[in-house]
Amino acid sequence: MTNIRARVHEILAEQAMIDVADVTDDQSPQDLGVDSMGLVETIFAIEERFDIQVPFNANEPNASEFDISSVGAIVAAVEKLVAEQRG
Amino acid sequence: MRRVVITGAGTINALGANVADTQAAMRDGRSAIGELDIRDADRLAIRIGAQVRDYDQSAHFNRQQIALFDRYCQFALLAASEAIGQAGLEFTGELAARSGVILGTSGGGLNTQDENYRVVYEEGKNRVHPFVVPKLMNNAAAAHLSMEWNLKGPSFTVATACASSNHAIGQAFQFVRAGLSDVMITGGAEAMLCFGGVKAWEGLRVMSRDTCRPFCATRSGMVQGEGAGIFVLEAYDHARARGAEILAEVAGVAMTSDASDIVMPSRQGAERAMEGALRDAGMAVDEVGYINAHGTGTAANDKTESAAVAHVFGVQADRLAISSTKSMHGHCIGATGAIELLACLMALRDGVIAPTVNWQELDPECALDVVPNTARDASVKACLSNAFAFGGMNAVLALRAV
């Protein structure tokens, strides 16, 4: 597991108040029990943890560039942003 | 119009984390004013306050709640839990649909504002937590109370500085009396003891550097406190029908505006508020055995309030007791009237009048029976609770023993 993947899993587990071992890439945030406000807080935690800007609009979460459809999609999007913004 | 009673009371403040501990401290005449334990206190000229000490938010709330609940909101939730628990009410169906919450606060989520201004201005960060707005807003505490207890009727927040709680309680009283609701949750919450909060008050030059001694010739100004007081107001018939314990009757309220000065109080405004509350309650001056004074410990308030009481009550002014419990729990600003109502309940229910502590020497301009330093046993059938705010906005509550 990449470092970024592990950290994203940790953030989502903390937000969902579940064990990090129960977070898998194929789940959606909703599957984990993360609601819309929890998602906004997750984005904030990701920005803080990786020191990146995440293009995310809470009015239209699914229309944002940042793919939040699944845990795996979030990991991939964060990896891309980290490469672009910090590379 | 219907009679309205109090069937639940709750608090957290510097004197205690519940009503019993707070009233015990008032009986003992214990002052909770001490050195402020807050960040950057060394940059403050005023370093004292009546702080809620040994408070561990994680003992009461989980991480997600803490992300949303400012300190003032946490205080409101804890006090409400005690009050609604005592009342023994469950809000479902029609009762839930008609019950609401009216709270007073002045600063709202001031700690949240202070912390986040630091983050962006002092630390130069360009990102704040996403919940800053819902955490700092002045209606957050009322909103979380409505959510926690399923209160689906009219809910809102009243902000009239130091009279916020009395305006809120008075408004809730009028809702129940008029039949708009059978039950209203009301009171106030405040948490201004942060660097920015104290720094702002310092600017006014009315803050004491030693302690709060209301109505005393050697007074040195006001001292800030913090906390919450929450009450369940219920229609008398509703409370009787379910066999609820009645703590006291809210008999009347009056609200007036000085319409004169933004900070200096007016004797006429205070008098009209006290007279109005007596009239609203159908209460004769000789019924009143106790007044919980606004009693801030500033020269402007104490002299004006004393003169107003003397004028309204005439010879009865020399027979009644008047004390300022701000000398113990500090001036809790938007929560202060609610916390002070606990002293009224103690007088009406337990026959104990809370003292004005730290008192040293008679001020001829405040020549009333201020119950200096030691609590007193007395049979009190009716009392007033005064609140005279900056802005010249006054609200006085009249209560009776049941």
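Our subject is the structure that appears above.
What you see is a predicted model; the values in this text were computed from it and never measured.

### Regarding the overall build of chain A
Counting secondary structure elements, chain A contains 4 helices and 0 strands. Secondary structure elements of chain A, listed N to C terminal, follow the sequence α-α-α-α. By the compact-globule yardstick of 12 Å for 87 residues, chain A fits well, its C-alpha radius of gyration being 12 Å. Referenced to the eigenvectors of the C-alpha coordinate spread, the extents of chain A come out at roughly 30 × 30 × 20 Å. Across chain A, contacts joining residues at least 24 apart in sequence account for 53% of those joining residues at least 6 apart.

### Structural notes on helix H4 (residues 71–86) of chain A
The α-helix winds at 3.6 residues per turn, so residues separated by three or four positions along the chain end up facing the same way. Residues and elements named next belong to chain A. An ideal rise of 1.5 Å per residue puts 22 Å on 16 residues; H4 measures up with 22 Å between its terminal C-alpha atoms. Every buried residue of H4 is listed here: Val71, Ile74, Val75, Ala77, Val78 and Leu81. Mapping the buried residues of H4 onto a view down its axis gives an arc of 165°, with all of them on the same face. Exposed residues on H4 whose side chains face more than 90 degrees from its buried face are Ala83 and Glu84.

### Observations concerning helix H7 (residues 140–149) of chain B
Where H7 of chain B is concerned, the buried positions are Ala140, Ala141, Ala142, His144, Leu145 and Ser146 of chain B. Residues of H7 of chain B that are buried make contact with helix H3 (71–87), strand S4 (100–104), helix H6 (132–136), strand S5 (156–158) and strand S6 (183–190) of chain B.

### Things to note about the packing of helix H11 (residues 267–281) of chain B against helix H12 (residues 299–313) of chain B
All names here are of chain B. Put simply, H11 and H12 touch, their axes get as near as 9 Å, and they point 45° apart. With respect to H12, the axis of H11 lies oblique. As H11 runs across H12, the sense of the crossing is right-handed. On the side of H11, the interface is formed by Arg267, Ala270, Glu271, Met274 and Glu275, while H12 contributes Thr304, Glu305, Ala307, Ala308, His311 and Val312.

### Description of the pairing of strand S7 (residues 227–235) of chain B
Residue and element names in this part refer to chain B. In terms of residue burial, S7 counts as a mostly covered element, since 9 of its 9 residues are buried. Pairing of strand S1 (residues 4–13) with S7 involves 9 bridges; the strand directions are antiparallel. Looking across to S7, one finds that Ala9 is bridged to Phe231. Here S6 pairs with S7 via 8 bridges, running antiparallel. Bridging across to S7, Met184 finds its partner in Leu233.

### Here's the deal with the sheet that holds S5 of chain B
All names here are of chain B. Strand order in the open sheet formed by 10 strands is S5-S4-S6-S7-S1-S8-S14-S13-S9-S10, and the pairing between neighbours is mixed. In this open sheet, the two edge strands, each paired with only one partner strand, are S5 and strand S10 (321–323). Strand-to-strand twist across the sheet, computed as the mean angle between neighbouring axes with direction ignored, equals 25°. Where S1 meets strand S8 (residues 248–257), 3 bridges bridge the pair, whose relative direction is antiparallel. Residue pairing across strands places Ile6 opposite Ala248, the latter belonging to S8.

### Some points on the interface of chain B and chain A
The interface of chain B with chain A comprises 4 residues on the first partner and 4 residues on the second. Tallied by class, residues from the side of chain B that touches chain A come to 2 nonpolar, 1 polar and 1 charged.

### Digging into the environment of Ile333 of chain B
Residues and elements named next belong to chain B. Within the secondary structure, Ile333 is located in the loop between helix H13 (326–329) and helix H14 (336–350). Owing to 31 C-beta atoms within 10 Å, Ile333 belongs among the buried residues under this scheme. Those residues in contact with Ile333 that lie beyond four places of it in its chain are Ser106, Gly107, Ala161, Cys162, Glu190, Met192 and Gln224.

### Section: the environment of Ser324 of chain B
All names here are of chain B. Topologically, Ser324 is positioned in the loop between S10 and H13. Among the residues examined, Ser324 registers 33 C-beta atoms within 10 Å and is labelled buried. A C-alpha to C-alpha distance of 28 Å links Ser324 and Asp70, two positions 254 residues apart in sequence. Discounting residues that sit within four places of it in the chain, Ser324 has contacts with Pro214, Phe215, Ala293, Gly295 and Thr356.

### Digging into the nonpolar core
Soluble globular proteins tend to pack their nonpolar side chains together in the buried interior. Residues Ala76, Leu233, Ala277, Cys383 and Ala398 of chain B are the most contacted members of the largest nonpolar core, which totals 132 residues. Among the elements that take part in this core, H3 of chain B stands out by supplying 11 residues, more than any other. Once residues lying within four places of it in the same chain are set aside, the contact partners of Ala398 of chain B are Ala251, Gly252, Val253, Ala277, Leu278, Asp280, Ala281, Met283, Ala382 and Leu384 of chain B. Among the nonpolar cores identified, the runner-up in size contains 16 residues, and Ile68, Val71, Ala77 and Leu81 of chain A belong to it.

Conventions and cut-offs
Residues numbered from 1 in each chain as written. Chains lettered and ligands numbered in written order. Predicted model: local features only at pLDDT ≥ 70, side-chain atom pairs only at ≥ 80, totals over all residues. Helix = DSSP H or I, 4+ residues; strand = E, 2+ residues; numbered from the N terminus. Rg over C-alpha atoms; globule rule 2.2 N^0.38 Å. Contact = placed C-beta atoms within 7 Å. Expected span 1.5 Å × (residues − 1). Buried ≥ 20, exposed ≤ 12 C-beta atoms within 10 Å, placed from the backbone. Arc of directions from axis to C-beta. Axes fitted to C-alpha atoms, helices over the stretch in contact; angles between N-to-C directions. Parallel < 35°, antiparallel > 145°, perpendicular 65-115°, else oblique. Left-handed = near helix turned anticlockwise from the far one by under 90°. Pairing = 2+ DSSP bridges. Nonpolar A, V, L, I, M, F, W, Y, C, P; charged D, E, K, R; others polar. Core = buried A, V, L, I, M, F, W, Y, C linked by C-beta atoms within 7 Å.

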